[in-house]
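# Fold and contact review
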Amino acid sequence: MRLEWLAAEVMHGLPSDEARTVVNGLLAEVSARPGWWPEPGGEEFAEAFGSRCWVSFVAYVDEVEVRDVGWVG
């Protein structure tokens, strides 16, 4: 999994270690569930939602690129 620059900035700016842990848990779940991924090629977005966060991502043949992260906790 690769974080696009915006997602990396948001992850860096999350308010606590707990927030980063929750978001990383969702990212791990997304990585483990290729059925959630959009068609490879980086043109279609998909989103996944946790209890206090969400991620927006695109898929490539061999990895997922996270484009944005949101936190509502």
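Going by the structure above, here's the rest.
Residues numbered from 1 in each chain as written. Predicted model: local features only at pLDDT ≥ 70, side-chain atom pairs only at ≥ 80, totals over all residues. Heavy atoms only, no water.

### A closer look at the side chain of Ser-56
- By the secondary structure assignment, Ser-56 is in strand β3 (residues 53-59).
- Filtering out sequence-adjacent residues up to four positions away, Ser-56 remains in contact with Phe-45, Ala-46, Glu-47, Glu-65, Val-66, Arg-67 and Asp-68. (Helix = DSSP H or I, 4+ residues; strand = E, 2+ residues; numbered from the N terminus. Contact = heavy atoms within 4.5 Å.)

### Overview of the nonpolar core
- Of all hydrophobic cores here, the largest spans 16 residues; its most connected members are Val-23, Val-55, Phe-57 and Val-69.
- The biggest single contributor to this core is helix α2 (residues 17-32), with five residues.
- Not counting residues up to four positions away in its chain, the partners in contact with Val-55 are Leu-26, Leu-27, Val-30, Ala-46, Glu-47, Ala-48, Val-66, Asp-68 and Val-69. (Core = buried A, V, L, I, M, F, W, Y, C linked by side-chain atoms within 4.5 Å. Buried < 20%, exposed > 50% of the residue type's maximum accessible area, 1.4 Å probe, protein only.)

### Digging into α2
- Taking 1.5 Å of rise per residue, 16 residues should cover 22 Å, and α2 covers 22 Å from first to last C-alpha, within 8% of that figure.
- Listing the buried residues of α2 in full gives Ala-19, Val-23, Leu-26, Leu-27 and Val-30. Seen end-on, α2 carries its buried residues on one side only, within an arc spanning 100°. Set apart from the buried face of α2 by more than 90 degrees, the exposed residues are Asp-17, Thr-21 and Ala-32.
- In this structure, the buried side of α2 is in contact with β1 (2-3), α1 (5-13), β2 (46-49), β3 and β4 (64-71). (Expected span 1.5 Å × (residues − 1). Arc of directions from axis to C-beta.)

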